[in-house]
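Okay, here's what each chain looks like letter by letter:
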Amino acid sequence: MWLTLAVGFLLFSATLAYLRYSRVQLYKSLESETSAVSEFLTGDVLNSRSQERLPSFDRRLVYLDDVLPADQFAALRSEIETLVETERSYLPAHKKGGTVAYETLMVKAPRVVALYRSPALSKLVSSVLGDTARPTPINDQSSCSILFYDRPGDHIGWHYDHNFYRGRHVTVLIPIINRNATGDGLSAARLEARFGRDIDVVETPPNRFVMFEGQKVLHRVTPIAAGERRVMLSMTFATDTHSSVAQGIKRRIKDTAFFGLRALWT
């Protein structure tokens, strides 16, 4: 019996070690490929007019309209519209929706990755935050992802974001598609933030830059209705992208809700 248990434990450990090694090699390969992604961005990456007067981040939530030039946004939307396979997740009474992970985007959406890793975007985030921020690591599947709300009832309930890094952590959203069933307005899925007893509704029309510190701001997205579609580019930045062992474990456990068990060995 003890021999069987010992052999089972060794096989289990060896399997986990192999899976972890495979992921590390994958990330090394993807990281080497991203050196060429800048070619997918031409001209001005961001719309300078949208940044002439940066808003105060005192409430830890801001937005800027038309953050990307029209041609850049059209190209980005065209690339994202080709992403038809999403990882669906459902947490009863809290979340339902689809997600495309960072590592998938590195292979299938190089323009998205190029924008996320562009110095111009990091500079904008840092200017709003008042501190130097940079993209979070490649093994964090939520570093850069696409969120799909395209089935009736897709939503996420009230929550704070967990910070898995030593520095301050912010989320940047750029809505790509947001339309109701008739195509003449926005969907019923609204980003809401609670400040004490007050609830702010943050409209998310396409090409709006929304930045918030989710660890400090209680927020949710209300359910989408039948025939509607809302697609969001979600990107995370941190002032210190290093993590403790405990933070890394917590991140992996959280990510299983979005990306399945493979997140445990990222």
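Just so it is clear, the structure is predicted and the values come from calculations on it, not from any experiment.

A. The arrangement of the overall build of the protein in detail. Looking only at helices and strands, the protein has 6 helices and 12 strands in total. Each of the 266 residues in the protein was classed as buried or not, and the buried ones make up 49%. Excluding contacts between residues fewer than 6 apart, the proportion of contacts in the protein whose partners are at least 24 apart in sequence is 81%. In the form shown here, the protein has an accessible surface area of approximately 13,300 Å², with 56% of it arising from carbon and sulfur atoms.

B. Highlighting helix α2 (residues 70–81). Its 12 residues place the ends of α2 16 Å apart at the C-alpha level, agreeing with the 16 Å of an ideal helix rising 1.5 Å per residue. Against α3 (102–108), α4 (110–116), β5 (144–149), β7 (169–179) and β12 (229–238) lie the buried residues of α2.

C. Region of interest: the pairing of strand β8 (residues 191–195). In the sheet, β8 pairs with strand β9 (residues 198–202) via 5 bridges, with the strands oriented antiparallel. By the bridge assignment for β9, F195 is matched with D198. The antiparallel pairing of β8 with β9 creates a hairpin that spans 2 residues between the two strands, and G196 there sits at a positive phi of about 65°. Pairing analysis gives 4 bridges linking β8 to strand β11 (residues 218–221), with the strands arranged antiparallel. Within the sheet, the bridge partner assigned to L191 lies in β11 and is V221.

D. Layout of the pattern of salt bridges. Enumeration over the complete set of coordinates arrives at 10 salt bridges. A salt bridge links E213 to R60; the shortest N-O distance between them is 3.2 Å. Highlighted residues: E213 in the loop between β10 (209–212) and β11 and R60 in the loop between α1 (2–33) and β1 (61–64), separated in sequence by 153 residues. We classify R60 as partly exposed; its relative accessible area is 32%. Notably, a salt bridge pairs D154 with K96, separated by 3.1 Å at the nearest N-O pair. Taken together, the residues D154 in the loop between β5 and β6 (155–159) and K96 in strand β3 (residues 95–100) connect sequence positions 58 residues apart. Classification of D154 by relative accessible area gives buried; the value is 0%. What you see here is one network of salt bridges that share partners, running through R88, K96, D150, D154 and R229.

E. Focus on the nonpolar core. By size, the foremost hydrophobic cluster in this structure holds 41 residues, and its most contacted members are I146, M211 and L233. Among all residues touching L233, those that are not within four sequence positions of it are L76, V112, L115, C144, S145, I146, V172, L173, I174 and I176.

F. Spotlight on the environment of H219. Structurally, the position occupied by H219 is in strand β11. Given a relative accessible area of 5%, H219 falls into the buried group. It is 6.6 Å that separates the C-alpha atoms of H219 and Y160, two residues lying 59 residues apart in sequence. Setting aside chain neighbours within four positions, we find H219 in contact with G157, W158, H159, Y160, D161, L191, E192, A193, F212 and G214.

G. Spatial organisation of the environment of H159. Looking at where H159 falls in the secondary structure, it is placed in strand β6. Residue classification places H159 among the buried residues on the basis of a relative accessible area of 15%. Measuring from C-alpha to C-alpha, the distance between H159 and A193 comes to 9.7 Å, with 34 residues separating the pair along the chain. With residues near it in sequence (within four places) discarded, H159 still touches H94, V217, L218 and H219. Reaching out from H159, the side chain makes a polar contact with the backbone oxygen of G157 at a distance of 2.8 Å.

Procedures and definitions
- Residues numbered from 1 in each chain as written.
- Predicted model: local features only at pLDDT ≥ 70, side-chain atom pairs only at ≥ 80, totals over all residues.
- Heavy atoms only, no water.
- Helix = DSSP H or I, 4+ residues; strand = E, 2+ residues; numbered from the N terminus.
- Buried < 20%, exposed > 50% of the residue type's maximum accessible area, 1.4 Å probe, protein only.
- Contact = heavy atoms within 4.5 Å.
- Areas by Shrake-Rupley, 256 points an atom, 1.4 Å probe, with all protein chains shown as cover.
- Expected span 1.5 Å × (residues − 1).
- Pairing = 2+ DSSP bridges.
- Salt bridge = Lys/Arg side-chain N within 4 Å of Asp/Glu carboxyl O.
- Core = buried A, V, L, I, M, F, W, Y, C linked by side-chain atoms within 4.5 Å.
- Polar contact = N/O pair within 3.5 Å; in protein donor to acceptor, adjacent residues only side chain to side chain.

Interpretation note: all reported values are geometric properties and have no functional meaning in isolation.
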